[in-house]
Amino acid sequence: AQLVGDGFVDCVFRAFQLVLSILMHIAMALLLVVAVFYFMTEDLCAVNSLLPSMLLPGDAQAAGLDPLMQIGTDSNMDLGGLPHDFAGIWWTRWGDYSFMNSEVLVSMAGMHVSGNSSSNLTYPVSVSTPSLHRGHLAYPNTLIGRIAMIFNSQKIVDAPMNFEFRS
């Protein structure tokens, strides 16, 4: 009796070809889904796209554009004596998820301290910022950026993002 022969090798080879063919079809279908998603989200009605060089208000105004991002400044943040600097635009990357290009630009304009005053600054300190208001978030033009934008658009715009600082 023959345990392993040409028939067995052919059977394994054909099974391998079948699995490879199925995987290729799945990959092509996923690529098609991503392409359709990009096409459908290319011109979102509530989204403004800009080059990174046009992010700062001065550069945008010099190019004849309205500034899209609000910049956090001492005049538009009430930190109640909190000794931290939240001015400018913050670039955040979500931990170990950099392989998904999960990053966002955040403005802390409108941030205020909750429950403390400059004369009674004790830790823990709670602060909140209107992060979903216009001009507070910028996403990369990637699959993950578009998904994050769509996900955040489903949230309540006036709901603040809260932080707590501990000493």
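Residues numbered from 1 in each chain as written. Predicted model: local features only at pLDDT ≥ 70, side-chain atom pairs only at ≥ 80, totals over all residues. Heavy atoms only, no water.

On a plain count of helices and strands, the protein comes out with 3 helices and 6 strands. Counting all 167 residues of the protein, 23% fall into the buried class. A fraction of 59% describes how many contacts in the protein between residues 6 or more apart in sequence connect residues 24 or more apart. For the protein, the exposed surface amounts to about 11,900 Å²; the carbon and sulfur share of it is 64%. (Helix = DSSP H or I, 4+ residues; strand = E, 2+ residues; numbered from the N terminus. Buried < 20%, exposed > 50% of the residue type's maximum accessible area, 1.4 Å probe, protein only. Contact = heavy atoms within 4.5 Å. Areas by Shrake-Rupley, 256 points an atom, 1.4 Å probe, with all protein chains shown as cover.)

Now for the sheet that holds strand S1 (residues 89-93). Overall, antiparallel pairing links the 3 strands, which are arranged S1-S2-S5 in an open sheet. Among the strands making up the open sheet, the edge pair consists of S1 and strand S5 (137-138). Direction of pairing for strand S2 (residues 103-107) relative to S5: antiparallel, over a ladder of 2 bridges. In the sheet register, leucine 105 faces S5, and the bridge partner there is alanine 138. (Pairing = 2+ DSSP bridges.)

Moving on, we get to the environment of proline 160. Examined against the element boundaries, proline 160 turns out to sit in the loop between helix H3 (143-153) and strand S6 (161-165). For proline 160, a relative accessible area of 42% corresponds to the partly exposed category. Along the primary structure proline 160 and valine 127 are separated by 33 residues, whereas in three dimensions their C-alpha atoms are 9.4 Å apart. Residues within four places of proline 160 in sequence aside, it is in contact with Ser128 and Thr129.

Here the structure, examined in full by the defined rule, presents 1 aromatic pair. Ring plane angle 35° and centroid distance 5.9 Å describe the contact between phenylalanine 86 and tryptophan 90, whose orientation is recorded as tilted. For phenylalanine 86, a relative accessible area of 8% puts it in the buried group. (Phe/Tyr/Trp six-rings, centres within 6.5 Å; stacked < 30°, edge-to-face > 60°.)

Before going further, it helps to examine the nonpolar core. Membership of the largest hydrophobic core is limited to 11 residues, which are Met77, Leu79, Leu82, Phe86, Val104, Val106, Met108, Met111, Val113, Val125 and Val127. Taken together, the elements giving at least two residues each to this core come down to S2 and strand S4 (125-129). Those residues in contact with methionine 77, other than ones at most four positions away along the chain, are Gly72, Phe86, Ala87, Met108, Ala109, Gly110 and Met111. (Core = buried A, V, L, I, M, F, W, Y, C linked by side-chain atoms within 4.5 Å.)

A separate point is H3. Within H3, the full set of buried residues consists of Gly145, Arg146, Met149 and Asn152. Seen end-on, H3 carries its buried residues on one side only, within an arc spanning 130°. (Arc of directions from axis to C-beta.)

This part covers the pairing of S2. Pairing of S1 with S2, which is carried by 5 bridges, proceeds in the antiparallel orientation. Bridge pairing links tryptophan 90 to valine 106 in S2.

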